[in-house]
Amino acid sequence: MTYLLHYAPDNASLIIRLALEEIGQPYRTILVDRRMQAQRSPAYLKLNPNGLIPVLETPAGPIFETGAILLWLSEAHPGTIAPLPGATARAPFLKWLFFLSNTLHPALRMLFYTAKYAGPEAAHQAALQAQMQAEVQRILALLEGAAAGPFLLGAEPSAADMYLCCMLRWLSIYPKGQTAWFDLGAFPKLTALAAAMEARAATHAAQKAEGLGPTPFTAPSYPNPPEGSAT
Ligand SMILES: N[C@@H](CCC(=O)N[C@@H](CS)C(=O)NCC(=O)O)C(=O)O
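A.B. asks: Any details on the site of the ligand? Residues and values, ideally.
C.D. replies: The environment of the ligand is made up of 15 residues, and the closest members are Arg-40, Ile-53, Thr-66, Arg-109 and Tyr-113. Residue Glu-65 places a side-chain N or O atom 3.0 Å away from a nitrogen atom belonging to the ligand. Between an oxygen atom of the ligand and a side-chain N or O atom of Arg-109, the distance comes to 2.6 Å. Alone, the ligand offers 510 Å² of accessible surface; in the complex the protein occludes 92% of this. Looking at the shell around the ligand, its residues break down into six nonpolar, four polar and five charged. Domain assignment of the residues forming the shell around the ligand places at least three in each of domain 1 (3-76) and domain 2 (90-210).

Written out as structure tokens, the structure reads:
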């Protein structure tokens, strides 16, 4: 069976693409055209009633939620993108995976979709932006202190690194024109982690597929994808 990844360029589906590339499993992709709001089409809502990207179609059915997809893939392909159950690094892996998914990713969503959370008032939106910027700085300082190096858990990359590097990328470039507050260089271990992930063949494949440019994590630029658009 070939997996089918419902994706939009430079969306959270990028994390799943990196994981599939690391696993080395054949997969196909299908564009969710955000310019047409295809994530809200009846057909897509049957796959993910939240109308969010990504969805991965698997023999177990369609899975949504990035963290859940990563965990499912790590179980379906043991020893590829996560420490095995029972290994010393398994508990830290789960801890950081859930932390990224439950804490950092929602903070990014509030930065990127501020009106959805703060409503139409400019002052409310500015307050939420400021609060989430401070929250992201706190989270990244915590990860900077915890990262074993070169990857979060040590010598081997895991799905948690793929998740983190994509979020570091997005913080550098989104929302357009509002990223002056963010400086990856303030976090040397996370910068080294991003550089280590950038050197991997899986990243090169994702760069090519989604037009991510030469340094997608350490010094990202806006994508120039062969199809679709990021927003
Ligand atoms: N909790 C979701 C969040 C996914 C998410 O935020 N996806 C964004 C793209 S990166 C999306 O679908 N945005 C479209 C929209 O909000 O309409 C997950 O982990 O998969």
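A.B. asks: How would you summarise the sheet that holds strand β2 (residues 27-31) if you had to cite specific residues and measurements?
C.D. replies: Strands sit in the order β2-β1-β3-β4 across an open sheet of four strands; the sheet is mixed. Lying at the two open borders of the sheet, with one neighbouring strand each, are β2 and β4 (61-64). When strand polarity is set aside, the average angle formed by the axes of neighbouring strands in this sheet is 20 degrees. Sitting on the sheet, helix α1 (residues 13-23) is in contact with β1 (3-7), β2 and β3 (55-58), with an inclination near 155 degrees to β1.

A.B. asks: Could you give an account of the domain arrangement of the protein, with specific residues and numbers?
C.D. replies: Its domain assignment divides the protein into domain 1 (3-76) and domain 2 (90-210). The partner domain 2 presents 25 residues to the 22 residues of domain 1 that form the contact. Summed over both sides, the interface between domain 1 and domain 2 buries roughly 1900 Å², with carbon and sulfur atoms accounting for 63% of that surface. Looking only at domain 1, the three residues that lose the most surface to domain 2 are Asp-10, Leu-18 and Glu-22, adding up to 31% of its buried area. Counting across the domain 1 and domain 2 interface gives three salt bridges. Of the charged contacts in the structure, one is a salt bridge between Glu-22 and Arg-200, with a shortest N-O distance of 2.7 Å. Listed by contribution, the elements that provide at least two residues to the side of domain 1 that touches domain 2 are α1 and α3 (66-76).

A.B. asks: Residues and numbers for helix α4 (residues 90-112), please.
C.D. replies: Look at α4: 31 Å from first C-alpha to last across 23 residues, which is about the 33 Å you get at 1.5 Å a residue. Along its length, α4 shows its largest kink, about 35 degrees, at Leu-100.

A.B. asks: Which residues make up the packing of aromatic side chains, and what values go with them?
C.D. replies: Going through the model one piece at a time under the given rule, you end up with five aromatic pairs. Pairing Tyr-3 with Trp-72 gives two aromatic rings, centres 5.9 Å apart and planes at 80 degrees, and the pair type is edge-to-face. Here Tyr-3 is found in strand β1, whereas its partner Trp-72 is found in helix α3, with 69 residues between them in sequence. Using a relative accessible area of 23% as the deciding quantity, one classes Trp-72 as partly exposed. Ring centres of Trp-181 and Phe-182 lie 5.6 Å apart, and the angle between their planes is 65 degrees; this geometry places the pair in the edge-to-face category. According to the relative accessible area criterion, Phe-182 is buried, its value standing at 8%. What links up through ring pairs into an aromatic cluster is the set Phe-112, Tyr-174 and Tyr-222.

A.B. asks: Tell me about the packing of helix α6 (residues 122-146) against helix α8 (residues 188-198), and name the residues and values.
C.D. replies: In the contact formed by α6 and α8, the axes pass within 8 Å of each other and the chain directions differ by 75 degrees. Taken together, the axis directions place α6 and α8 in an arrangement best described as roughly perpendicular. For the pair α6 and α8, contact is made by Leu-140, Leu-143, Glu-144 and Gly-145 and by Pro-188, Lys-189 and Leu-190, respectively. Residue classes in the contact of α6 with α8 are distributed as four nonpolar, one polar and two charged.

A.B. asks: Break down the nonpolar core for me, citing the residues and quoting the values.
C.D. replies: Membership of the largest hydrophobic core comes to 63 residues, with the highest contact counts inside it found for Leu-73, Leu-104, Leu-140, Leu-143 and Leu-164. Listing elements by their share of this core, those giving two or more residues are β1, α1, α3, α4, α6, α7 (159-173) and α8. Three or more residues apiece are contributed to this core by two domains, here domain 1 (3-76) and domain 2 (90-210). Counting residues in hydrophobic clusters, the runner-up holds six residues, among them Ala-8, Tyr-44, Leu-47 and Ile-53.

Rules used throughout
- Residues numbered from 1 in each chain as written.
- Predicted model: local features only at pLDDT ≥ 70, side-chain atom pairs only at ≥ 80, totals over all residues.
- Heavy atoms only, no water.
- Near = heavy atom within 4 Å.
- Polar contact = N/O pair within 3.5 Å; in protein donor to acceptor, adjacent residues only side chain to side chain.
- Areas by Shrake-Rupley, 256 points an atom, 1.4 Å probe, with all protein chains shown as cover.
- Nonpolar A, V, L, I, M, F, W, Y, C, P; charged D, E, K, R; others polar.
- Domains from an automatic or database assignment.
- Pairing = 2+ DSSP bridges.
- Helix = DSSP H or I, 4+ residues; strand = E, 2+ residues; numbered from the N terminus.
- Axes fitted to C-alpha atoms, helices over the stretch in contact; angles between N-to-C directions.
- Contact = heavy atoms within 4.5 Å.
- Buried area = accessible area lost by both parts, 1.4 Å probe.
- Salt bridge = Lys/Arg side-chain N within 4 Å of Asp/Glu carboxyl O.
- Expected span 1.5 Å × (residues − 1).
- Bend = angle between axes of the 7 residues up to and from the residue.
- Phe/Tyr/Trp six-rings, centres within 6.5 Å; stacked < 30°, edge-to-face > 60°.
- Buried < 20%, exposed > 50% of the residue type's maximum accessible area, 1.4 Å probe, protein only.
- Parallel < 35°, antiparallel > 145°, perpendicular 65-115°, else oblique.
- Core = buried A, V, L, I, M, F, W, Y, C linked by side-chain atoms within 4.5 Å.

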